[in-house]
Amino acid sequence: MGSVRMTQVTALVLRAVAAGHRYGFDVMEACALPSGTVYPALRRLERAGLLRSGWERAAEAHAEGRPRRRTYALTTPGRQALPEAETKLAEVRRLLADLPSTSAREA
Amino acid sequence: MLARLWVWLVSALVPRRDREEWVEEWLAELSATGAGMKHAWGAVPDAWTLRTDGWTMDGMLRDVRAALRGLARRPFFTALAGITLAIGIGANTAIYSVVDAVLLNPLPYPESDRIVSANHTAPGLNLPIVPHSEAMYMSYLDGFHTLESFAVFDEDNINLVTDGDPQRIDAARVTQEFFDVMDVHPMLGRAFTEGEDRPGSEPVAILGYGLWQQSFGGDPGVVGRVVEMDGVQRRVVGVMPKGFAFPGDEVELWTPMVIDASNPDLGSLSYLGVGRLAPGQTIAAAQAEMQQLLYRFADANPDELPRSVLEQAGLAPDVKPLKELYVSDLKQALWVLLGTVGFVLLIACANVANLFLVRAEARQREQALRSALGASRADLVRQYLAESVTLSLGGGLLGLGLAALGVRGLVAMAPVAVPRLSEIGIDGSVLAFTAVISVAAGLLFGLFPVFGYARKDLSGALKEGGRATTSGRERHRARSALVVAQVALALVLLVGSGLMARSFAALRHVDPGFAADDRLTFRLTLPEAEYPDAAGPRVFYRQLADRMGAIPGVREVALTTAVPLEKDYKNASPMEAEDKPTPEGDLAQLVNVRNVSPGYFDAMGIQLEEGRDLTWDDAGDGVRSVVVNETLARTFWPGESALGRRVRGQGSERPSWEIVGVARDVHFERLDRDPEPLIYMPLVTGGADGPRGVRAFAVVLHVGAEPLDFVPAAREALREVGPRLPMVDPRTVVKVQHDAMASTSFTVLLLGIAAVIALVLGTVGIYGVISYVVSRRTQEIGVRMALGAPAGLVLREVVGQGMVLAGIGVAIGLVGAWGVSRVLASLLYGVSTTDPLTYAGMALALTLVAMLASWIPARRAASVDPTEALRAE
């Protein structure tokens, strides 16, 4: 059970799962990040014990005519790590506010 | 469709245990969202993340933690392995720290790789180093362009008189550019200025930091003070920074070398030279330039140094990095030692590998389970290595501590002349070395069981016992191989140290030719200022000898320039027989010179074969008598008596001396070589500028009892005749003799320790293997004994197994020892590298020890209760 280095990506992914996105591709869409970025983050978070993975109920999935999907949820340590994620995201917001947009530079 | 194919393809990267679920996950996502290749690319990084799971920092930390837990669960195993490794690694660290400081580290001066020693060598005379004369120095000084600065120096002792007792200080006289060569300048005051090296200028001195602190209280006002040194009032002009000590650690004072530039001394080659290479210049260039300077000097001084003598002696410049000047003696011994402790480490690793093999077997089931649950081969290997490297790093840490202590002891015991002593310690490169060999050792013994084990099909191990399986046999072979290796290595070490020990014993039995027991000696130096010319010393010698002789219990007194076997004393001159002069252009025989007082031969117990001893009158004007040793008599007048013949320095204008006595040969320089020609001259001899008395000499007192008890009385007597003379280095002549053998005895000691450690480890190894084999075969042994096999037979069989292993190891070891002994050849005396006694003796000893190590577990086996054994699993 190590802790994970909180990067912008892991912060976003954590936030997304906290917000209720259970499935891998959902998180991908919610974060607007490619699967190649999101899945390694999911694995790291799970290894660090901040996420728990499972499978949705097979019966429900089959009823909808599709195979069961893997689900991700926050664990207790994961919930405790949320403030740290928020701090990281706040940093990003600040950076965006400070960075001048292209038009401002050309002006 | 393509995406699904892609996922299936990439799944090959995923570790087997996760593969099925991984495929399920990805295919489900693709189905549910209808996503295509665009999103399926991400499967690759995902698969890769899972694959390298173990190899991340996190993963490895996990392995280390698991390793620590595993080690903690078996404290006995961990302690045994850890201590074994600590000893092996610690020994290596200790020797390496010496090698590092003495051989590898650059000298502690700025850009020290540009500082060179610039002297000559004369292989034709068997003289590895030939220093400069004053005249040579002056001639070279202007000529050197490849050196931006050039200086010569001379070591000296100075009697320093401050408020307390007179002290003897090690000092150095240096020429003008000395501090430029070293590029270290006084931190207080200044260096010597132009003109302070001329005769008649005010005498000055520069203090070392330590001396300044101790004898002057660190007073910054010391600059400008006048202090009496050797009877001369010298003004202190500077203080050197802390840590500067050249040419040796003990030098605490520097004075300018005063040279009369109009008439520099030609004859006395006494001053070692150092220089700093000019930017862009190389050693080769400096050496070539010096060759030219040498020729130029020879051509300008054809009487002193004719070209023919130059060629005959092979006199040539010898420019090399300064560091090499210090270390040439010790180099070989150090590398031998490093090799030795390397062996010890290998033996230690073999022991620990054996321990790990045992452990591996015990954890068979656990490993099989893990494997079945999905741990790949790579995972298992990684976990093994985590454990072994963690253990060996731990052992390395402990070893580092042992080394830190050991080095202190090593350095304290070391033969006096270990250069750069103060620089030896645990520094960055020593730490790095320890880390590297710890990890290497860990990998070595960690991989050993892995290769024999993780490879095999483990399903068999899950079943009951799994004893007589193929893998069990293979493991047994591995353990046996390890034990054989240990025994072989141990034998090599034993033979090596045995040969050295015999050398040492042979040296101790060499008859030195004089009597060393019950004799006290100490040195004195008469400052020129207080005992000018020859008259002063002459009177003093007599007074001293008489006063010392008056001490109750003193039988005989003698003065001599050097006690036999005194370390680092060499004084030789070319001399010839007056009636057989050396042909023009040839170099005469080099003869060693000692100046002695009358009564020397009695005092030292040296037999006079012919003629008589010197008398006090022999040092008078007009009378010139000497005594020579047998070798000189034989060399100059083979088959004839030397009595009455005359000798002189080379050249008909030299004064000649009459031989009045021939003394028995004495080992005055080395115990392991035949003595060279030696001449005993009186204390007062005639130089070109009139009679001169020796100023630095040793006093020998032959006493009736414990010599050291006489030191206080001798000090008292000395205070009466020479109140301002410090008594230097009082010790017994026996100690002088022992010091002469110090470096041999030191090497013997260390090799002996290493050999003993190797023996102990090897024994433990054999014991371990046999013990284990016996324990595995308890059931079988029980059955056999129940069926009537006599205990004696079982005993013999088990011991026999051990002996076979030992026998193979000894055979290999004998071959190895023969190879290694050639390295030692130059260090040996009186014993050949293939000395059968040593080889046979050590082989026998090791075999007996192996027998004992096998016998103990065998006895246990034979005494086992058959019914118990049958019940055992």
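Every chain is numbered independently, its residues counted from 1 as its sequence is written. Throughout, the order in which chains and ligands are written sets their labels, letters from A for the former and numbers from 1 for the latter. Under the rules for a predicted model, residues below a pLDDT of 70 receive no local features and side-chain atom pairs below 80 are neither given nor counted, while totals for whole chains, interfaces and linings still include all residues. Each side-chain value is worked out from all heavy atoms of the structure, with water and hydrogens disregarded.

**Some remarks on the overall build of chain B**
Step number 1: For the purposes of this entry, the term helix denotes a DSSP run of H or I that reaches at least four residues, the term strand denotes a run of E that reaches at least two, and both are numbered from the N terminus. From N to C terminus, chain B includes 27 helices and 24 strands.
Step number 2: Burial status follows relative accessibility: with a 1.4 Å probe on protein chains alone, a residue under 20% of its type maximum counts as buried, one over 50% as exposed, and anything between as partly exposed. Taken over 873 residues, chain B has a buried fraction of 50%.
Step number 3: A separation of at least 24 residues holds for 81% of the contacts in chain B among residues at least 6 apart in sequence.
Step number 4: Areas reported as accessible are Shrake-Rupley estimates using a 1.4 Å probe. Residue values count occlusion only from the protein chains shown. Working note: accessible area of chain B is about 39,200 Å², and carbon and sulfur atoms make up 57% of it. Any pair of residues with heavy atoms lying within 4.5 Å of one another is described as a contacting pair.

**Thoughts on empty space enclosed by the protein**
Residues and elements named next belong to chain B.
Step number 1: For cavity detection a 1 Å grid was placed over the protein atoms alone, and a set of points counts as a cavity when a 1.4 Å probe fits there but cannot get out; an open set counts as a pocket when protein lies on both sides within 12 Å along at least five of seven lines, with lining residues being those that have an atom within 4 Å of a point. Grid points are joined across faces, edges and corners, and a volume is the space filled by probe spheres set on the points. For the coordinates displayed, the defined rule picks out 1 cavity of 30 Å³ or more.
Step number 2: In this model, the largest cavity occupies a volume close to 40 Å³.
Step number 3: Lining the largest cavity are Ala562, Pro564, Arg594, Tyr600, Val666, Phe668, Leu678 and Tyr680.
Step number 4: Note on residue classes: Ala, Val, Leu, Ile, Met, Phe, Trp, Tyr, Cys and Pro are nonpolar, Asp, Glu, Lys and Arg are charged, and everything else, Gly too, is polar. Split into classes, the residues belonging to the lining of the largest cavity amount to 7 nonpolar, no polar and 1 charged.

**Observations concerning the interface of chain B and chain A**
Step number 1: Contacts between the two partners involve 22 residues from chain B, matched on the other side by 18 residues from chain A.
Step number 2: In total, chain B and chain A occlude about 1,800 Å² of area from one another, counting both sides; carbon and sulfur atoms represent 55% of this.
Step number 3: If you sort the residues of chain B by the area they bury against chain A, Glu24, Glu25 and Glu29 of chain B come out on top, with a joint share of 30%.
Step number 4: By salt bridge we mean one thing: a side-chain nitrogen of Lys or Arg within 4 Å of a carboxyl oxygen of Asp or Glu. When the shortest N-O distance is used, the salt bridge between Glu25 of chain B and Arg43 of chain A registers 3.4 Å.
Step number 5: Pairing of N or O atoms within 3.5 Å defines a polar contact, subject to two protein rules: one partner must be a possible hydrogen donor and the other a possible acceptor, and residues neighboring in sequence count only if both atoms are side-chain atoms. Scanning the region where chain B abuts chain A turns up 9 residue pairs in polar contact (both at pLDDT 80 or more).
Step number 6: Ranked by residues supplied to the side of chain B that touches chain A, first place goes to helix α2 (residues 16–33) of chain B with 11 residues. Computed with a 1.4 Å rolling probe, the buried area is the accessible surface lost when two parts are put together, summed over both parts.

**Here we look at the pattern of salt bridges**
For side chains bearing opposite charge, pairing can occur when the charged atoms are close.
Step number 1: Under the definition given, this model contains 33 salt bridges over all chains.
Step number 2: Residue Arg114 of chain B pairs with Glu148 of chain B through a salt bridge whose shortest N-O separation is 3.4 Å. Of this pair, Arg114 of chain B sits in the loop between α6 (75–104) and β1 (115–122) while Glu148 of chain B sits in strand β3 (residues 147–161); the two residues are 34 residues apart in sequence, bridging distant segments of the chain.
Step number 3: Owing to a relative accessible area of 43%, Glu148 of chain B belongs among the partly exposed residues under this scheme.
Step number 4: Here Arg235 of chain B ties to Glu202 of chain B by a salt bridge, and the two come within 2.6 Å at their closest N and O atoms. Taken together, the positions of Arg235 of chain B in strand β8 (residues 232–239) and Glu202 of chain B in the loop between β5 (188–189) and β6 (204–207) put the pair 33 residues apart, joining distant regions of the chain.
Step number 5: For Arg235 of chain B, a relative accessible area of 31% gives the class partly exposed.
Step number 6: One continuous salt-bridge network, built from bridges that share partners, spans Arg43 and Arg70 of chain A together with Glu21, Glu25 and Asp46 of chain B.

**Here's the deal with the nonpolar core**
All names here are of chain B.
Step number 1: If you look at the biggest cluster of nonpolar residues, it comprises 77 residues, and the most contacted ones within it are Phe514, Tyr600, Ile606 and Tyr680.
Step number 2: With 14 residues, helix α17 (residues 470–509) is the largest single contributor of residues to this core.
Step number 3: Leaving out residues up to four positions away in the same chain, Tyr600 has contacts with Ala558, Leu559, Thr560, Ala562, Pro564, Ile606, Asp613 and Tyr680.
Step number 4: By size, the runner-up hydrophobic cluster in this structure holds 41 residues, among which are Ala81, Val98, Val352 and Ala441. What is meant by a nonpolar core is a set of buried Ala, Val, Leu, Ile, Met, Phe, Trp, Tyr and Cys residues, joined one to another through side-chain atoms within 4.5 Å.

**With respect to a negative patch on the surface**
All names here are of chain B.
Step number 1: A residue counts toward a patch only above 30% relative accessible area and without a salt bridge, and it is joined to like-charged neighbours within 9 Å or, for Val, Leu, Ile, Met, Phe, Trp and Tyr, to nonpolar neighbours within 5 Å. Charged residues are defined narrowly, with Lys and Arg counted positive, Asp and Glu counted negative, and His plus the chain ends left uncounted. By convention, charge coordinates are those of NZ in Lys, CZ in Arg, CG in Asp, or CD in Glu. A contiguous patch of negative charge, built from Asp517, Asp518, Glu706 and Asp709, is present on the exposed surface.
Step number 2: With respect to the element layout, Glu706 can be found in the loop between β23 (696–703) and α21 (711–721).
Step number 3: The exposure class of Glu706 is partly exposed, given its relative accessible area of 43%.

**Brief notes about the pairing of strand β15 (residues 589–595) of chain B**
Residue and element names in this part refer to chain B.
Step number 1: Among the 7 residues of β15, 5 are classified as buried, and the element is accordingly described as predominantly covered.
Step number 2: Bridge count for strand β14 (residues 572–577) against β15 is 4 bridges, and the pairing is antiparallel. Across the sheet, residue Ser573 finds its bridge partner in β15, namely Val591.
Step number 3: Across 4 bridges, β15 lies against strand β20 (residues 678–681) in parallel orientation. By the bridge assignment for β20, Val593 is matched with Ile679. A pair of strands counts as paired when DSSP detects no fewer than two bridges linking them.

**Description of the sheet that holds strand β13 (residues 554–560) of chain B**
All names here are of chain B.
Step number 1: One open sheet accounts for 4 strands, arranged β13-β23-β12-β24; its pairing is antiparallel. Every other strand in the sheet has two partners, leaving β13 and β24 (728–732) as the edge strands with one partner each. Each adjacent strand pair in this sheet contributes to an overall mean axis angle of 15°, direction not counted.
Step number 2: Two strands pair when backbone bridges link them, and β13 and β23 are joined in this way by 6 bridges, in the antiparallel orientation. Looking across to β23, one finds that Val557 is bridged to Leu701.
Step number 3: The axes are straight lines fitted to the C-alpha atoms, using for helices just the contacting stretch, and the angles between their N-to-C directions are given from 0 to 180°. Docked against the sheet, helix α18 (residues 535–549) engages β12 (519–525), β13 and β23, running at close to 155° with respect to β13.
Step number 4: Sheet contacts for α21: β12, β23 and β24; angle to β12, the most-contacted strand, approximately 30°.

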